[in-house]
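# Understanding the architecture of this molecule
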Amino acid sequence: MPLQINNIHDYHEAYQKSIDNPEAFWDEIASHFTWKEIWNKVVHFDFVSPEVRWFEGGKLNITENCLDRHIKDKGDQVAIIWEANDVDTPSVSLTYKELLREVSICANALKSMGIQKGDRICFYMPMIPQVVISILACARIGAVHSIVFAGFSANSLADRIKDCTCKMVICSDFNKRGSKNIPVKEVVDEAIAMGCDSVEKVLVYNSTNQKINWNPELDIWWDDAMEGQSDYCEAETMDSEDMLFILYTSGSTGKPKGVVHTCGGYMVYTCYSFLNVFQYKPGDVYWCTADVGWITGHSYIIYGPLLSGATTLIFEGVPTYPDSGRFWKVCEKHKVNQFYTAPTAIRALMASGHEEPDNYDLSSLKVIGSVGEPINEEAWMWYHSKVGKSHCPVVDTWWQTETGGIMISPLPGITDTKPCFASYPLPGIQPCLVDLQGEELHGHNQEGLLCIKYPWPSMIRTTYRDHERCRTTYFSTFHNKYFTGDGAKTDEHGRYRIIGRVDDVINVSGHRIGTAEVEDAINQHDHVVESAVVGFPHAIKGQGIYAYVITSGEVGDHAHFRKEVLDIVSKHIGPIAKPDAIQIVSQLPKTRSGKIMRRILRKIAEGEYDSLGDISTLLNPECVEELKAGVKRLS
Ligand code: WT7
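Residues numbered from 1 in each chain as written. Predicted model: local features only at pLDDT ≥ 70, side-chain atom pairs only at ≥ 80, totals over all residues. Heavy atoms only, no water.

### Concerning the environment of Asn-480
When you line up the elements, Asn-480 lands in the loop between helix H14 (467-475) and strand S24 (482-490). The partly exposed category is assigned to Asn-480, whose relative accessible area is 37%. Not counting residues within four places of it along the chain, the set of residues in contact with Asn-480 comprises Phe-47 and Lys-453. (Helix = DSSP H or I, 4+ residues; strand = E, 2+ residues; numbered from the N terminus. Buried < 20%, exposed > 50% of the residue type's maximum accessible area, 1.4 Å probe, protein only. Contact = heavy atoms within 4.5 Å.)

### Here's the deal with the confidence of the model for the protein chain
The predicted model of the protein chain has a mean per-residue pLDDT of 96, with 99% of residues at 70 or higher. Model confidence for the protein chain, summarised as mean pLDDT per element, is weakest for helix H18 (residues 623-634) at 83 and strongest for helix H9 (residues 263-277) at 99. (pLDDT = per-residue confidence, 0-100.)

### Remarks on helix H2 (residues 22-30)
Residues Pro-22, Phe-25, Trp-26, Ile-29 and Ala-30 constitute the buried set of H2. Along the axis of H2, the buried residues cluster in a sector spanning 125 degrees; they form a single face. Looking at the buried positions of H2, the neighbouring elements they touch are helix H1 (8-20), strand S1 (41-46), strand S2 (51-56) and H9. (Arc of directions from axis to C-beta.)

### Thoughts on the site of the ligand
In the vicinity of the ligand there are 17 residues, among which Asp-396, Thr-397, Thr-401, Asp-486 and Arg-512 approach most closely. A distance of 2.8 Å separates a nitrogen atom of the ligand from a polar side-chain atom of Asp-396. At 3.4 Å from an oxygen atom of the ligand is found a side-chain nitrogen or oxygen belonging to Asn-507. Elements supplying a minimum of two residues to the shell around the ligand: helix H10 (295-307), strand S20 (394-397) and strand S25 (496-501). The class makeup of the residues in the shell around the ligand is six nonpolar, six polar and five charged. (Near = heavy atom within 4 Å. Polar contact = N/O pair within 3.5 Å; in protein donor to acceptor, adjacent residues only side chain to side chain. Nonpolar A, V, L, I, M, F, W, Y, C, P; charged D, E, K, R; others polar.)

### Thoughts on the pairing of strand S6 (residues 120-124)
The buried fraction of S6 amounts to five of the five residues, a majority that puts the element mostly inside the structure. Going residue by residue along S6, you find Arg-120, Cys-122 and Tyr-124 tucked away on one face and Ile-121 and Phe-123 tucked away on the opposite face as well. Regarding the hand of the β-α-β motif, the stretch spanning S6, helix H5 (residues 129-140) and strand S7 (residues 144-147) is right-handed. Sheet topology places S6 next to strand S8 (residues 168-172); four bridges connect them, and they run parallel. By the bridge assignment, Cys-122 is partnered in S8 with Val-169. (Right-handed = clockwise from strand over helix to strand, strands pointing away. Pairing = 2+ DSSP bridges.)

### Let's talk about the nonpolar core
Counting 121 residues, the largest nonpolar core has Trp-26, Leu-99, Leu-110, Leu-136, Phe-278, Tyr-303 and Leu-306 as the members making the most contacts within it. Looking at this core, the element that brings in the most residues is H9, giving ten residues. When near neighbours in sequence (up to four residues on either side) are disregarded, Phe-278 contacts Ser-273, Tyr-286, Tyr-300, Gln-338, Tyr-340, Val-367, Val-395, Ile-406 and Pro-412. Counting 51 residues, the second-largest nonpolar core is a separate cluster that includes Val-144, Val-169, Cys-196 and Trp-294. (Core = buried A, V, L, I, M, F, W, Y, C linked by side-chain atoms within 4.5 Å.)

### Some points on the packing of aromatic side chains
On inspection of all chains with the given rule, the structure shows 43 aromatic pairs. Between Phe-25 and Tyr-272, the aromatic rings sit 6.0 Å apart at their centres with planes inclined by 80 degrees, giving edge-to-face as the arrangement. Taken as a pair, Phe-25 in helix H2 and Tyr-272 in helix H9 lie far apart in primary sequence, 247 residues in all. Judged by its relative accessible area of 1%, Tyr-272 falls in the buried class. With a centroid separation of 4.8 Å and an interplanar angle of 65 degrees, the aromatic rings of Trp-35 and Trp-39 are classed as edge-to-face. Each of the two residues, Trp-35 as well as Trp-39, counts as buried. (Phe/Tyr/Trp six-rings, centres within 6.5 Å; stacked < 30°, edge-to-face > 60°.)

### Here we look at the packing of H5 against H10
At a minimum axis separation of 11 Å, H5 and H10 run at an interaxial angle of 65 degrees. Between H5 and H10, the angle falls in the class roughly perpendicular. Relative to H10, H5 is oriented so that their crossing is right-handed. In contact with Val-132, Ile-135, Leu-136 and Ala-139 of H5, H10 contributes Ile-302, Tyr-303 and Leu-306. Residues that form the contact of H5 with H10 fall into these classes: seven nonpolar, no polar and no charged. (Axes fitted to C-alpha atoms, helices over the stretch in contact; angles between N-to-C directions. Parallel < 35°, antiparallel > 145°, perpendicular 65-115°, else oblique. Left-handed = near helix turned anticlockwise from the far one by under 90°.)

Given below as structure tokens:
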């Protein structure tokens, strides 16, 4: 069984085999990699505990598969191309040989600073080559990375550092992103001052040459740490099920949880899915515009492409800087063959520069992808016709932080595409729809809750230090199934269309925001008594955040109060979680047992007054009129 599927016959054959005999299927796929020792069991699982182990007994190091394995044939091929934020800064390329060398030096530096196998390192970094180098260095010595998106606040960063007791933080001095100059190191200092006692060292890359505060007890410059280190570092031997990384993600309750991924299965699946979903061919240039702080960056900027020996482009900037032609300019400049971005970026670029792609030579593009949220038909059509010139298949890829890799997606040139449909599962993936009682909805043309009924190699193993949370969140809703939290439909051919979250998670610009987290932040305001946050349709972001707030006494100037609430949310979570609308109310609709009726709040925020449903069961039905009147005032 080859790694790459070439035609529809191969797809059907691979899919069938993966269902009929998953162990034999994955055994063959995994044999394409470099293992220090072969596994003695392909998969062991129990979805009740849950307990999932892949390639048990196998020993490997993922970086040997990302780097060393390619040196013989592809040592001089470019592994990463870096495109800076500023158009005038020359781009940088590193070949596989050069990347291995840099990773080895950095790995030795980490070791000399006392980092050992199993230690956690937190990354709070801009999109620069050093982020890839240090992440791989971390994996090379068997340390565990926890990457935090550098747009999160000091408070969020501190929570994440504390939850997994990181021994080190790796950051830059500043980050120039678009026209902003973000004081990265200052945020790290602030976070550490919030009681991150586990941190022994802060490794700082001088990215912009600006002055920063320096704490000689903790801080060490990147260049000083690399100085004199050997350029050979033997890769630590890891068990398949040793932790590779923790990545925090929001859920419907409580603080973000640390999703745990392990070495062997994650390696096999990210490479397999990358090669097939993007149909990457030797010599192609692949570009995923995500940030490494999200799972998309982990799996499809770093690991999937490098495991496949690809050339992967990393971009420091934003789609609209210096203007809304930047993405297309980068595609033209580097002759990008596969381009992967989020619907929110597509919608923003469509709105600000409808004809803009025509000004660039995009003829190198072969496959264009979408990820993170449902893509609406208008955006899909524009992307397909204006960017893909009607000949590049659009791969609408559905997956999650917890799935580690792409689960449902067209295979370009192999299976067909249909606007708004993620379409078919990849080989090895067994999705199903269930009703509220958990009964599986067989056959096509169904609508229900999306579950996965058999394990796949890159699936979540646990939530860090809280296995019970993993069980209740994903495995207890429906017996013997992984529950995704998404609703979906199938068409007459069995293609999947993802509708969106059915829990209290809002998907803002492809980023998961938990309503409870935003409410907790808003409630920190001295004059806030209670708040309720829901999502509502937003033309660019997909979903926006709508906050209903009960205040105590007189808050004075409402505009000023709203600004204070936005500041609090920015401070507690980060600017991405700022509400788009804040409505001051005197009551929230509650059931007789005191539960907030979010369904009603959602309908009101959407302006769907006619379908509020039965409000007679409310404790306070009279509040509905006030809520409706308030929305009208806002718009
Ligand atoms: C949630 C996962 C997977 C990388 C980025 C997001 C939504 C993701 C799609 C898609 C419709 C999608 C789902 C999912 N989602 N891809 N192609 N179509 N919805 O990762 O932050 O873990 O969020 O994003 O609702 O559950 P994430």
